[in-house]
Amino acid sequence: MTRRALPLIRSIASIGARQLRSPLLGSRAPRPLVVGSISHKGDLGISGHLLPLRQQPVLSMLIRGYATGNHNEDKLNKSSSGRESSDEDNKAEKRPSSDKKSEEPTDDEYVAQVREKLAKAMEKAKRDRDRDEKDKGKKGEEDGPSFGTSSNKKSQNQDSIEFNIPPMQGNHIIIALLATYLLYLFIFDRPAGRELTWQEFRVSLLDKGFVERLTVINRKLVRVTLKSNADSLATSSTWYFTIGSVDSFERNLEEAQKELRIPSSEKIPVAYIDEGGAWNTILALLPTVVVVGALFWLNRRATGSSAPGGGLFGVGKSRARLFNQETDIKIKFKDVAGMDEAKEEIMEFVKFLKEPAKYERLGAKIPRGAILSGPPGTGKTLLAKATAGEAGVPFLSVSGSEFVEMFVGIGASRVRDLFKTARKMSPCIIFVDEIDAIGKARGRTSSMGANDEREATLNQLLVEMDGFQTSDHVVVLAGTNRPDVLDSALMRPGRFDRHINIDLPDVEGRKAIFLVHLAKIKTFLDLDNLSGKLSALTAGFSGADIANCCNEAALIAARKQANSVEMTHFEAAIERVIAGIEKKSRVLTKEDQRTVAYHEAGHAVCGWFLEWADPLLKVSIIPRSIGALGYAQYAPADNMLMSEKQLMDRMTMTLGGRVSEEMHFPTITSGAVDDLKKVTRMATMMVTQWGMSQKVGLVNFDQSEQSFNKPFSEETATIIDEEVRRIAKEAHTRCIELLQSKRNEIQLIAEELLSKEVINREDLERLLGQRPFPDRNAAFEKYVAGKKETSPDTPPEPPAGAPGPEPAPTT
Ligand SMILES: Nc1ncnc2c1ncn2[C@@H]1O[C@H](COP(=O)(O)OP(=O)(O)OP(=O)(O)O)[C@@H](O)[C@H]1O
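Sequence positions are assigned chain by chain, starting from 1 and proceeding in written order. In keeping with the model being predicted, local features are shown solely for residues with a pLDDT of at least 70 and side-chain atom pairs are shown and tallied solely at 80 or more, while totals for entire chains, interfaces and linings include all residues. By convention in this description, side-chain values take in all heavy atoms of the structure and omit both hydrogens and water.

- The protein is annotated in an unreviewed UniProt entry as AAA+ ATPase domain-containing protein from Lipomyces starkeyi NRRL Y-11557.
- UniProt positions are given in the numbering used here, feature names are shortened, and annotations may be inferred rather than shown by experiment. UniProt annotates the protein under Cofactor (unreviewed entry) with the comment "Zn(2+)".
- What UniProt states about the protein under its Subunit (unreviewed entry) heading is, verbatim, "Component of the 850 kDa m-AAA protease complex, a heterohexamer composed of YTA12/RCA1 and YTA10/AFG3. Associates with the prohibitin complex, composed of PHB1 and PHB2, inhibiting the activity of the m-AAA protease complex."

Structural data, given as structure tokens:
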């Protein structure tokens, strides 16, 4: 080895050592000299030195990550010559260069020193291993293969080190990739050579005029090329320094050159280059690739790859659920009870989808679609499904709200996608539930840009429906609870040609629906009689309520461990659907209980002795989960019309509770709040809608709840207020007159309620005698009053367009 080569070796060793002591790698950072194999003979031509500096730490670290018995390796490292030589170098660096030169050993001395140190280190390492082996031997333990301990043979002959590398797993790969990336950032990014500060560069090189050229690498580092006449020590290494920014570097250099009075013709040339090429580009892109990959993976996990239109990248795809005619749609018209007219109208679509040629032959244009409107739970979705089931075609179901998104254009894109899919599947049925979410009349609500998305979606829907060819064989059905708010463009012929209204079922409809749902329930009762009775007791129930009621009855029966569902279970289920469950935890004081009992007795007596009141079914003072402390139930008939007399009797009956409180207690309570609300509503309807006030006259003021503007003048408003008050007062006076004459009856009922908590129609007959007027509810007469087998319950039923009768919870 030549004398000239020695400083180079030491310089490299010094840089390597400094790099490895960097805080980023920690104190246990691997030493560059131990790279898997080391010559036992201590030859300085050890592979560690001969590897390019850039590769040493990585390779070393990767191997260490999977190696066992690292402690021995560390011990060896600590005493290795590499460490000491680097320390020496550090010290040497601090000395002035002239000293350094004078103290420099000769080649032979240096090699001898290193040999000696290395031999000492190896000897110490051997001693450590021998001691370890002895310890293990004592314990009688046999360890797995590891550095220096796997076998005697191996420990004696240290030519090779055996590593126990477990198979790579997914997370290992990720960790290794990350580690590589970090290493690149903190280590690879450094060029080979010695690092300087700006000041060192200035004092040692620039001021002395050694610098020939500067190269700015990747806008981060500056490599210094020295003149050939420079100090031999300086030229022995490649020098570089880091810069914060190119601008500041240029500024500093400019200033320095000015200070040194270097003429502009001799200024140091500066070159700018990018190093690293493809490897740099890959690493620069890696974080982006990882983030995008993670997002993609999360997205697939969150939505499931099979979800229609799901996912970040499927944002504009339709979210319609497809029901296949062969497997999913088992519903036929027979499963949809009642609504015969609606079925008849929709049958036309079925016939068309089954035999389109029959219609097309005669030049008939096929209806594009139908809007099914009606209160919630009346079976609109069910009817649409049954249409698909009967026609035997695919059924694409989607909710209007699924089109509405934050970003304008997504809804429209989903509409487009939905129709595209439908055309591919033709013949098929599209069902858009809650179409009012997108189909509201345009320009009705104050816009400010918030409705742009909705309007864009609606426009797209209009366009798509217009764009149908007669050969498309796609029918669009839509369900809504609010047909009144829909845009008229939707309803015109050529789009939703048909408008099918599905109302709450009447008594016969309810009976039919009960028969459908009772078929799935285990009961030994006669189904015809049972369904008739239940339909009489459930005025105002929708199909969904009926389905729920049958299910509740079965649940109650199961809870009580009955063998079949009995009438009492159905009664309890109806009560639960109307008033919620009994709230046993709410304990009333004696006084409150008395107030509630007299309040309810007031309602009951009014209901019994008013000719137009609805048949009374049950009075209870058990608190219920919907917040009522007590309630009276009636069985209203399915009236299409309400007479003024009926309305007055209902209002009088509704005020019965408050009047009874006034009569029996020194002070009234807040318990009549719901009653007062109902009375006000009925009186207002009489005055503003039904022309039942002579003062206001034969006018109808249609005032929507959301509208701020009153459709009448201030003067009329005053008259309306007066008339509403007058009607309520009249009902109040009638009620006082009636109840004053029935004081005893009220007391009888109230005391019975206090002792029994619940009284039914039989109890009322026993206490008050036969009702002096016939019940006007035929179904009730036929199934309930005529056959006094059970104590029925019933909810209120609002007649068409009228506020509901007032049987519901009161106090
Ligand atoms: N005519 C009916 N015959 C049998 N079951 C019915 C009938 N009407 C409603 N149901 C029952 O009520 C459930 C709910 O009905 P559906 O979802 O069709 O109501 P909807 O009118 O679409 O309600 P919404 O307006 O809230 O969407 C049905 O699954 C069915 O069990």
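**Thoughts on the overall build of the protein**
Argument step 1. Helix and strand assignments follow DSSP, with helices taken as H or I runs no shorter than four residues and strands as E runs no shorter than two, numbered in order from the N terminus. When you go through the protein residue by residue, the secondary structure sums to 32 helices and 14 strands.
Argument step 2. Carbon and sulfur atoms provide 54% of the accessible area of the protein, an area that totals close to 41900 Å². Accessibility throughout is a Shrake-Rupley quantity obtained with a 1.4 Å probe, and a residue counts as covered only by protein chains that appear here.

**Thoughts on the confidence of the model for the protein**
Argument step 1. For the protein, per-residue confidence averages 72 on the pLDDT scale, and 67% of positions sit at 70 or higher.
Argument step 2. Confidence scores per residue from the predictor, reported as pLDDT, run from 0 to 100. In what follows, a contact means two residues having at least one pair of non-hydrogen atoms within 4.5 Å. Here residues 139–168 is a poorly scored stretch, pLDDT under 50, and it has 46 contacts once near neighbours within four places are set aside; other chains count.
Argument step 3. This stretch, residues 787–811, has a pLDDT under 50; its non-local contacts, to residues over four places away or in other chains, come to 111 contacts.
Argument step 4. Quick note on the complex model: pTM equals 0.58, ipTM equals 0.97.

**Here we look at helix H29 (residues 714–740)**
Argument step 1. A helix is expected to span 1.5 Å multiplied by its residue count minus one. Between its terminal C-alpha atoms H29 stretches 39 Å, which fits the 39 Å expected from 27 residues at 1.5 Å a residue.
Argument step 2. Looking at the packing, one finds that the buried side of H29 touches helix H25 (590–609), helix H26 (644–654), helix H27 (656–664), helix H28 (673–688) and helix H30 (743–756).

**Some points on the environment of Asp487**
Argument step 1. Here Asp487 lies in the loop between strand E10 (474–480) and helix H20 (488–491).
Argument step 2. Residue exposure (1.4 Å probe, protein chains only): buried if accessible area is under 20% of the type maximum, exposed if over 50%, otherwise partly exposed. For Asp487, a relative accessible area of 7% gives the class buried.
Argument step 3. Residues Asp487 and Ile438, spaced 49 residues apart in sequence, show a C-alpha to C-alpha distance of 9.4 Å.
Argument step 4. Discounting residues that sit within four places of it in the chain, Asp487 has contacts with Gly439, Lys440, Ala441, Arg442 and Leu458.
Argument step 5. Between N or O atoms, a polar contact is any pair within 3.5 Å; within protein, one atom must be a potential hydrogen donor and the other a potential acceptor, and residues adjacent in sequence are included only when both atoms are from side chains. A polar contact of 2.9 Å, which involves the side chain of Asp487, links it to the backbone nitrogen of Ala489.

**Comments concerning the packing of H30 against helix H31 (residues 761–768)**
Argument step 1. Packing of H30 against H31 brings their axes to within 10 Å, and their N-to-C directions diverge by 140 degrees. Regarding the angle of H30 to H31, the classification is oblique. The hand of the H30/H31 crossing is right-handed. Contact residues: H30 offers Glu745, Leu748, Ile749, Glu752 and Lys756, while H31 offers Asp763, Leu764, Arg766, Leu767 and Leu768.
Argument step 2. Here the contact of H30 with H31 is composed, by residue class, of 5 nonpolar, no polar and 5 charged. Angular values range over 0 to 180 degrees, each being the angle between N-to-C directions of two axes fitted as lines to C-alpha atoms, with helices fitted over their stretch in contact. Just so you know how the angles are binned, under 35 degrees is roughly parallel, over 145 roughly antiparallel, 65 to 115 roughly perpendicular, and the rest oblique. The hand of a helix crossing depends on one turn: near helix anticlockwise from the far one by less than a right angle means left-handed, and clockwise means right-handed. Residues are sorted three ways: Asp, Glu, Lys and Arg are charged, Ala, Val, Leu, Ile, Met, Phe, Trp, Tyr, Cys and Pro are nonpolar, and all the rest, Gly among them, are polar.

**Considerations on the nonpolar core**
Nonpolar side chains in soluble globular proteins tend to be buried together.
Argument step 1. Buried Ala, Val, Leu, Ile, Met, Phe, Trp, Tyr and Cys residues form a nonpolar core when they are joined through side-chain atoms within 4.5 Å. Among the nonpolar cores identified, the biggest contains 51 residues, and Met651, Leu739, Ile749 and Leu764 are the most heavily contacted of them.
Argument step 2. The dominant element in this core, judged by the number of residues it contributes, is H25, at 9 residues.
Argument step 3. The contacts of Met651, once residues within four sequence positions are left out, are Val679, Met682, Ala683, Met686, Ile727 and Ala731.
Argument step 4. Membership of the second largest hydrophobic core comes to 26 residues, among which are Ala342, Val350, Phe395 and Ile429.

**Some words on the site of the ligand**
Argument step 1. Whether a residue is near a molecule or strand depends on its heavy atoms: it is near if one of them lies within 4 Å of it. The environment of the ligand is made up of 19 residues, and the closest members are Ala337, Lys380, Thr381, Leu382 and His517.
Argument step 2. In this structure, Gly379 approaches the ligand through a main-chain N or O atom, which is 3.1 Å from an oxygen atom.
Argument step 3. At 2.5 Å, a side-chain N or O of Thr381 approaches an oxygen atom of the ligand.
Argument step 4. Here the ligand, which alone exposes 620 Å², has 79% of that area covered by the protein.
Argument step 5. Along the lines of polarity and charge, the residues of the shell around the ligand split into 8 nonpolar, 7 polar and 4 charged.
Argument step 6. The residue makeup of the shell around the ligand includes at least three contributed by each of domain 3 (316–501) and domain 4 (507–579). Note: domain ranges come from an automatic or database domain assignment.

**Describing the environment of Glu575**
Argument step 1. One can find Glu575 in helix H24 (residues 567–579).
Argument step 2. Residue classification places Glu575 among the buried positions, given a relative accessible area of 7%.
Argument step 3. Separated by 49 residues in sequence, Glu575 and Arg624 have C-alpha atoms that sit 9.8 Å apart.
Argument step 4. Within the local environment of Glu575, its side chain forms a polar contact with the side chain of Lys618, the two groups lying 2.5 Å apart.

**Notes on the pairing of strand E2 (residues 211–217)**
In regular strands, side chains alternate between the two faces of the sheet.
Argument step 1. With 5 of its 7 residues buried, E2 lies for the most part within the structure.
Argument step 2. Strand pairing is assigned whenever DSSP detects at least two bridges linking the two strands. Summarising the sheet, E2 and strand E3 (residues 221–226) pair through 6 bridges and their orientation is antiparallel. Of the residues in E3, the one forming a bridge with Thr215 is Arg223.
Argument step 3. Linking E2 to E3, which pair antiparallel, is a turn of 3 residues; within it Asn218 sits at a positive phi near 50 degrees.

**Side note on the pairing of strand E7 (residues 369–373)**
Argument step 1. Among the 5 residues in E7, 5 count as buried, and that is most of the element.
Argument step 2. Here E7 shows two buried faces, one formed by Gly369, Ile371 and Ser373 and the other by Ala370 and Leu372.
Argument step 3. Across 5 bridges, the pairing between E7 and E10 is parallel. Looking at the pairing, Leu372 lines up with Gly479 of E10.
Argument step 4. In this structure, E7 lies alongside strand E11 (residues 496–501), joined through 5 bridges in parallel fashion. The partner of Gly369 across the bridge, within E11, is Phe496.

**Digging into the UniProt feature "transmembrane region" (unreviewed entry) in the protein**
Argument step 1. On the UniProt side, "transmembrane region" (unreviewed entry) is annotated at positions that read residues 170–188 and 278–298 here.
Argument step 2. This span, residues 278–298, is 100% helix and 0% strand, and a straight line between its end C-alpha atoms measures 29 Å.

**Notes on the pattern of salt bridges**
Argument step 1. A side-chain nitrogen of Lys or Arg and a carboxyl oxygen of Asp or Glu constitute a salt bridge if their distance falls within 4 Å. Considering all chains together, one arrives at 20 salt bridges under this definition.
Argument step 2. Arg202 is paired through a salt bridge with Glu259; the nearest N and O atoms lie 3.0 Å apart. Linking Arg202 in helix H10 (residues 198–206) with Glu259 in helix H12 (residues 246–259), this pair joins segments that are 57 residues apart in sequence.
Argument step 3. Overall, Arg202 belongs to the buried group, its relative accessible area being 18%.

**Quick notes on the sheet that holds strand E5 (residues 270–273)**
Argument step 1. Spatial ordering of the open sheet is given by E1-E4-E3-E2-E5, a layout of 5 strands whose pairing is mixed. Both outer strands of the open sheet, strand E1 (194–196) and E5, are each paired with one neighbouring strand and no more. Averaged over all neighbouring strand pairs, the angle between strand axes comes to 30 degrees, with direction disregarded.
Argument step 2. Relative to strand E4 (residues 239–242), E3 is paired through 4 bridges, and the arrangement is antiparallel. Bridge pairing in E4 links Val222 to Phe241.
Argument step 3. The strands that H10 touches are E1, E2, E3 and E4; relative to E1, the one it contacts most, it runs at about 100 degrees.

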